[in-house]
Amino acid sequence: MERDITKKLYDWKTSTNRKPLLITGVRQCGKTYVMQDFGNKNFEDVAYFNFEKNEMLSQVFVSDLNTDRIIQELSIIHGKKIIPGATLVIFDEIQACPRAITSLKYFCEEESRLHIMCAGSLLGVAVKRQNMSFPVGKIDRLTMYPMSFSEFLKAQNNSLHQLVELNIKKGEVLPEAYANALESTLKLYYIIGGMPEVVSSWIENKDIQLVERKQDEIILDYQADFAKHAPKKDIPKLSAIWDSIPLQLAKDNSKYMFSHIKESARAKDYEDSVEWLIDAGLIYKLAKVEKIEKPLAACADATSYKLYMSDVGLLRRKAGVAAKTIIQGDKDYIKFKGALTENFVMSELLVRDKKPYYWCSNNTAEVDFVIEDEGRIIPIEAKSEINTKAKSFGVFCKKYNPEIGFKFSMKNVGEHQVENTKTYSIPLYLVWKMDEYLDSENQLDLVKMLDSKINDIVDELKGV
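Residues numbered from 1 in each chain as written. Predicted model: local features only at pLDDT ≥ 70, side-chain atom pairs only at ≥ 80, totals over all residues. Heavy atoms only, no water.

A. The arrangement of the overall build of the protein in detail. Scanning the protein from terminus to terminus reveals 17 helices and 13 strands. Computed over its C-alpha atoms, the radius of gyration of the protein comes to 24 Å, within 12% of the 23 Å expected for a compact globule of 464 residues. Taking the principal axes of the C-alpha coordinates as reference, the protein spans close to 75 × 65 × 45 Å. Within the protein, the fraction of its 464 residues that count as buried is 51%. Put simply, 68% of the contacts in the protein that link residues at least 6 apart link residues at least 24 apart. (Helix = DSSP H or I, 4+ residues; strand = E, 2+ residues; numbered from the N terminus. Rg over C-alpha atoms; globule rule 2.2 N^0.38 Å. Buried < 20%, exposed > 50% of the residue type's maximum accessible area, 1.4 Å probe, protein only. Contact = heavy atoms within 4.5 Å.)

Set out below in structure tokens:
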């Protein structure tokens, strides 16, 4: 299945300032497959080394970190000479060999011609909690996520994806046939999610029972990771947070409430467990901003946040929502549908390298997401149905006067003013095209700036 991260891998391969590449991301999101597939298609040879499966590999890095010697010994293990420029070297499950992580510094400094990709399960957890010597500034990094809706659409119906990609431009209303097909595919995505094995099972078999069996396996594997990799004292806390996320998303809370886990629970007692789950890629944190200033990161409230799951399909399964409920749209499902929609938009923003926050003002007004893009502050509302009315969105626009904003819903493409804010209505199944709108606005800004400078120059000449 085609993954969007592949383009970034091409850019890395051809970069003149290339460093060893470290790919992080939640377990089972497809890191190993993507590395091997990219290597097979773009290099003469792929030398794959898995430090977890072959514990003896670590011996190569014990005596010293001389890159020439390491390459020679790895060539012997690989059974073929490793040639810089022609061979892609993959270090998988690299967290199992801390010395291999340290060696990346020397490969960067002494053998930059060699292409090295690395990945590992729970690598973020291992680096932070095992005091590994991490080569800061000597590696390139990419984060990989479960398959986005766009990637899922390609796998499920590539011809529809191409039709939308090539024929539907910014601001164009979708024909009803396209809209209906995309809405149906989005419902399917809510059911299946973006874990590659689950998607593959659906594409090959079209059997929802097999899909849910695979989802259950992944959920159990994640829970097993708690016992295997987390401190024993934190395991009950990890499980409590992990289990509570679907329940809390369905409530109208302005932030994640630890008291809903246990009456006596205090945030400070659970902070390490929350960070563990974030480092593992299992959950996402959406921090609150109450005062809007640039950069938004400086306004974030570390004590108030919402938590989301990394995959919308696993959220649906963990919450116990039946697949047919999503398809039929039962009236009793409305409240959780909103939670599922928010989780979906959160994931789509992260995949597109947006850093979202949510805005809350004295618990009287709340905007689902706020991002900063090219110096713009952009409010975003996420609605599960076609009703896009949002009083809080208007309050935000009146108070901060942003140039543009977005409302994601099941409503077709449109544009209108909220206060003085140009607001784009985009269907949830087209969130993946939001960059077209942002790029267009950035181009308009550039033109305005150039026109202003030209006018200033003309005025100066007139004065002369």
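B. Structural context of the sheet that holds strand E12 (residues 414–418). A sheet is described by the order of its strands in space; here eight strands give the open sequence E7-E6-E8-E9-E10-E11-E13-E12, paired in mixed fashion. Looking along the sheet, the strands with just one partner apiece sit at the ends: strand E7 (300–309) and E12. Strand-to-strand twist in this sheet, taken as the mean axis angle between neighbours without regard to direction, amounts to 35°. The sheet contact formed by strand E9 (residues 365–373) and strand E10 (residues 376–382) spans five bridges and is antiparallel. The partner of Phe 369 across the bridge, within E10, is Ile 380. Strands in contact with helix H12 (residues 267–279) are strand E6 (283–289) and E7; relative to E6, the strand with the most contacts, it is inclined by about 120°. (Pairing = 2+ DSSP bridges. Axes fitted to C-alpha atoms, helices over the stretch in contact; angles between N-to-C directions.)

C. Representation of the environment of Phe 369 within the structure. Structurally, Phe 369 is set in strand E9. Judged by its relative accessible area of 0%, Phe 369 falls in the buried class. In this structure, Phe 369 is in contact with Leu 286, Glu 342, Val 345, Met 346, Leu 349, Pro 356, Tyr 357, Tyr 358, Ile 378, Pro 379, Ile 380 and Ala 382, ignoring residues within four places of it in sequence.

D. Structural detail: the sheet that holds strand E5 (residues 140–144). As summarised here, the arrangement of the five strands in space is E2-E3-E4-E1-E5, forming an open sheet in which the pairing is parallel. With partners counted over all chains shown, the strands left at the sheet margins are strand E2 (45–50) and E5, one partner each. Taking each pair of neighbouring strands and ignoring which way they run, the sheet shows an average axis angle of 20°. Strand direction decides the pairing type here: strand E3 (residues 87–92) and strand E4 (residues 115–119), joined by four bridges, are parallel. Each residue of the ladder has a partner; that of Leu 88, found in E4, is His 115. Lying on the sheet, helix H2 (residues 31–42) is in contact with strand E1 (21–25), E2, E3, E4 and E5; it crosses E3 at an angle near 170°.

E. Molecular detail of the pattern of salt bridges. For the structure on display, the rule yields 31 salt bridges. Asp 11 serves as the salt-bridge partner of Lys 7, at 3.5 Å between the closest nitrogen and oxygen. Of this pair, Lys 7 and Asp 11 both sit in helix H1 (residues 5–14), four residues apart, which is roughly one turn of that helix. Here Lys 7 falls in the exposed class, since its relative accessible area comes to 56%. (Salt bridge = Lys/Arg side-chain N within 4 Å of Asp/Glu carboxyl O.)

F. Highlighting the packing of aromatic side chains. Across all of its chains, the model carries 25 aromatic pairs by this definition. Between Phe 149 and Phe 344 the ring centres are 6.4 Å apart and the planes differ by 80°, which places this aromatic pair in the edge-to-face class. Of this pair, Phe 149 sits in helix H6 (residues 149–156) while Phe 344 sits in helix H15 (residues 334–351), and the two are 195 residues apart along the sequence. Residue Phe 149 shares its accessibility class with Phe 344, and that shared class is buried. Ring geometry for Trp 359 and Tyr 400: centres 6.1 Å apart, planes at 90°, overall edge-to-face. You can see Trp 359 sitting in strand E8 (residues 357–361) and its partner Tyr 400 sitting in helix H16 (residues 391–400), a full 41 residues away along the chain. Exposure remark for Tyr 400: the relative accessible area of 23% places this residue in the partly exposed category. Through successive ring pairs, a cluster of aromatic residues spans Phe 149, Phe 152, Tyr 189, Tyr 190 and Phe 344. Of note, Lys 237 hangs over the ring of Tyr 270, and the distance from its end group to the ring centre comes to 5.8 Å. One residue, Lys 285, lies across the ring of Tyr 305, its end atom 4.6 Å from the ring centre. (Phe/Tyr/Trp six-rings, centres within 6.5 Å; stacked < 30°, edge-to-face > 60°. Lys NZ or Arg CZ within 6 Å of the ring centre and 35° of its normal.)

G. Fine view of helix H3 (residues 67–78). Compared with the 16 Å implied by 1.5 Å per residue over 12 residues, the 16 Å span of H3 between its first and last C-alpha is a close match. Every buried residue of H3 is accounted for by Thr 67, Arg 69, Ile 70, Ile 71, Leu 74 and Ser 75. Tucked into the core, H3 has its buried residues touching E2, E3 and helix H4 (98–110). Gly 79 occupies a position one or two residues after H3 and carries a positive phi of about 85°. (Expected span 1.5 Å × (residues − 1).)

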